[in-house]
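This is what each chain is made of:
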Amino acid sequence: MENRTVEVGPTTRQLQAIQQQIEDYYQRLNALRDKKNALLTKLSELQDLALNAKSERDEKNRIISEKKRIREQLHKEKAEISEKIKALIEKKRALLESAPGSEASLVKRYKELTWKYQTTSLTIEEDRKLVQEITELEKKLVHFKKVKDVDQEISSLRAKFNELKDKANAVHQEVLTLAEESKKSHDKLMAAHEEGAKIIDELNSVRAEMNTIWETIKESKTKLSDARTKYEIAKTVQLQRKAQELAERAKLLLSKRTELVARANEKLKKGERLTFEEYAALLEDREANGSS
């Protein structure tokens, strides 16, 4: 029993310790596998978020490009109208510089003559002169009609210019709003990339630890195999020793029985009384040899 404790006991404890160690490693692997799966799920969610953010940003940028094109077209139209207004203002200035007198005076004279023509009896000569003067006044007043037409055209163009300006400002505001929305989507995309990079680093760390544990498990299994071999050797040695002890004990018992049988036979020859051990040994010997 002492030999078994000394030789087999430590080997058994070593075997159990290695098995427990391997079991602990597998538990750690399971925990790491769960962590890895959780990280992969989170990474997948971040990838979806990044794709959506990129899609939103690209769509906003596409609309911004279209709005800028519209804004540039409106500015171009404004510039064209502005040039037309400048040309008309110059035309008006030239017309006013070449005006045949004061418009108010000409209108007043025109009204006086037309009233006179309509209300006064005139001779043929007076009539001819009056009509001629009225015609001259009408020609001069046509000059101011041209100025008014230019003013009306300028006013119309300015209204168009202001309309285009309002549209351009509205489009510009839309561009600013879309640019802010695009920036928010871009920020979400960058944040997702940054967090994804951290998760990938963590995943790599988890995988590296798992690989290390797998290597350690392989080494521990080798140690376990060696420990099992030692255990089997120790157990075999123990069994052999026990068998040897039993054989030696049997040999001693057989030698003692042979001695008792010899003594019993000697006493029987002499007619002496046998002891219980001598009698029992004699019976066992006869049973073993098949005699009665």
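Residues numbered from 1 in each chain as written. Predicted model: local features only at pLDDT ≥ 70, side-chain atom pairs only at ≥ 80, totals over all residues. Heavy atoms only, no water.

The name an unreviewed UniProt entry gives the protein chain is Phosphoserine phosphatase, with Methanosuratincola subterraneus as the organism.

## Details of the overall build of the protein chain
For the protein chain, the helix and strand inventory stands at four helices and zero strands. For the protein chain, the C-alpha radius of gyration of 62 Å lies well beyond 19 Å, the compact-globule estimate for 292 residues. If one aligns the C-alpha atoms of the protein chain with their principal axes, the spans along those axes are about 210 × 30 × 20 Å. The burial tally for the protein chain puts 21% of its 292 residues in the buried class. For the protein chain, restricting intrachain contacts to residue pairs at least 6 apart in sequence, the fraction spanning at least 24 positions comes to 85%. Averaging the coordinates of the 60 positive side-chain charges in the protein chain and doing the same for the 53 negative ones gives two points 1 Å apart. (Helix = DSSP H or I, 4+ residues; strand = E, 2+ residues; numbered from the N terminus. Rg over C-alpha atoms; globule rule 2.2 N^0.38 Å. Buried < 20%, exposed > 50% of the residue type's maximum accessible area, 1.4 Å probe, protein only. Contact = heavy atoms within 4.5 Å. Lys, Arg positive; Asp, Glu negative; His and termini not counted. Charge placed at Lys NZ, Arg CZ, Asp CG, Glu CD.)

## Brief notes about the domain arrangement of the protein chain
The assigned domain composition of the protein chain is domain 1 (9-247) and domain 2 (248-290). A separation of 114 Å is found between the C-alpha centroids of domain 1 and domain 2. Carbon and sulfur atoms make up 34% of the area that domain 1 and domain 2 hide from each other, which totals about 340 Å². When the buried area of domain 1 at its contact with domain 2 is split by residue, Glu245, Leu246 and Ala247 rank highest and sum to 81% of it. Inspection of the region where domain 1 meets domain 2 yields zero salt bridges. Summed over the shared surface of domain 1 and domain 2, the result is five residue pairs in polar contact (both at pLDDT 80 or more). When its residues are assigned to classes, the side of domain 1 that touches domain 2 shows two nonpolar, one polar and one charged. (Domains from an automatic or database assignment. Buried area = accessible area lost by both parts, 1.4 Å probe. Salt bridge = Lys/Arg side-chain N within 4 Å of Asp/Glu carboxyl O. Polar contact = N/O pair within 3.5 Å; in protein donor to acceptor, adjacent residues only side chain to side chain. Nonpolar A, V, L, I, M, F, W, Y, C, P; charged D, E, K, R; others polar.)

## A word on the packing of aromatic side chains
In this structure the tally under the stated criterion is one aromatic pair. Measuring from ring centre to ring centre gives 5.9 Å for Tyr26 and Trp214, while their planes differ by 80 degrees; the resulting arrangement is edge-to-face. Pair noted here: Tyr26 is in helix α1 (residues 2-97) and Trp214 is in helix α3 (residues 124-270), with a separation of 188 residues, a long-range link. You can call Trp214 partly exposed: its relative accessible area is 33%. (Phe/Tyr/Trp six-rings, centres within 6.5 Å; stacked < 30°, edge-to-face > 60°.)

## Here's the deal with the UniProt feature "coiled-coil region" (unreviewed entry) in the protein chain
When the UniProt feature table is mapped to this numbering, "coiled-coil region" (unreviewed entry) covers residues 15-98 and 147-174. Span residues 147-174 is 100% helix and 0% strand, its end C-alpha atoms 40 Å apart. (UniProt positions renumbered as here; feature names shortened; annotations may be inferred.)

## Looking at the confidence of the model for the protein chain
Detailed reading of the predicted coordinates is not advisable wherever pLDDT falls low. Residue-level pLDDT values for the protein chain average 86, and 95% of them are 70 or greater. Per-element averaging of pLDDT across the protein chain places helix α4 (residues 276-289) at the bottom with 77 and α1 at the top with 88. Under a pLDDT of 50 for its full length, residues 1-6 has, in the predicted model, five contacts with residues more than four places off or in other chains. (pLDDT = per-residue confidence, 0-100.)

## Focus on the side chain of Thr114
Position of Thr114 among the secondary structure elements: in helix α2 (residues 103-119). Within polar-contact distance, the side chain of Thr114 engages the backbone oxygen of Lys111 at 3.0 Å.

## Some details on the pattern of salt bridges
If you walk through the whole model with that rule in mind, you get 20 salt bridges. The partner of Lys145 in a salt bridge is Asp149, and the shortest N-O contact between them spans 2.8 Å. Here Asp149 and Lys145 lie together in helix α3, a separation of four residues that amounts to about one turn. Residues Glu215 and Lys218 are paired through a salt bridge, measuring 3.7 Å at the closest nitrogen-oxygen approach. On the criterion of helical spacing, the pair formed by Glu215 and Lys218 is a turn pair, its members being three residues apart in helix α3. Looking at Glu215, the relative accessible area reads 43%, which means it is partly exposed. If you follow the salt bridges from partner to partner, you end up with Lys54, Arg57 and Asp58 in one network.

## Here's the deal with α3
Residues that lie three or four places apart on an α-helix share one face, since the helix turns once every 3.6 residues. End to end, α3 covers 211 Å across 147 residues, agreeing with the expected 219 Å (1.5 Å per residue, within 8%). With its phi angle positive at about 75 degrees, Gly271 sits one or two positions after the end of α3. (Expected span 1.5 Å × (residues − 1).)

## Looking at the environment of Leu164
Assignment of secondary structure puts Leu164 in helix α3. With relative accessibility at 2%, the residue Leu164 sits in the buried group. Separated by 67 residues in sequence, Leu164 and Tyr231 have C-alpha atoms that sit 97 Å apart. Look past the residues within four positions of Leu164 in its chain and what remains in contact with it is Leu74, Glu77, Lys78 and Ile81.

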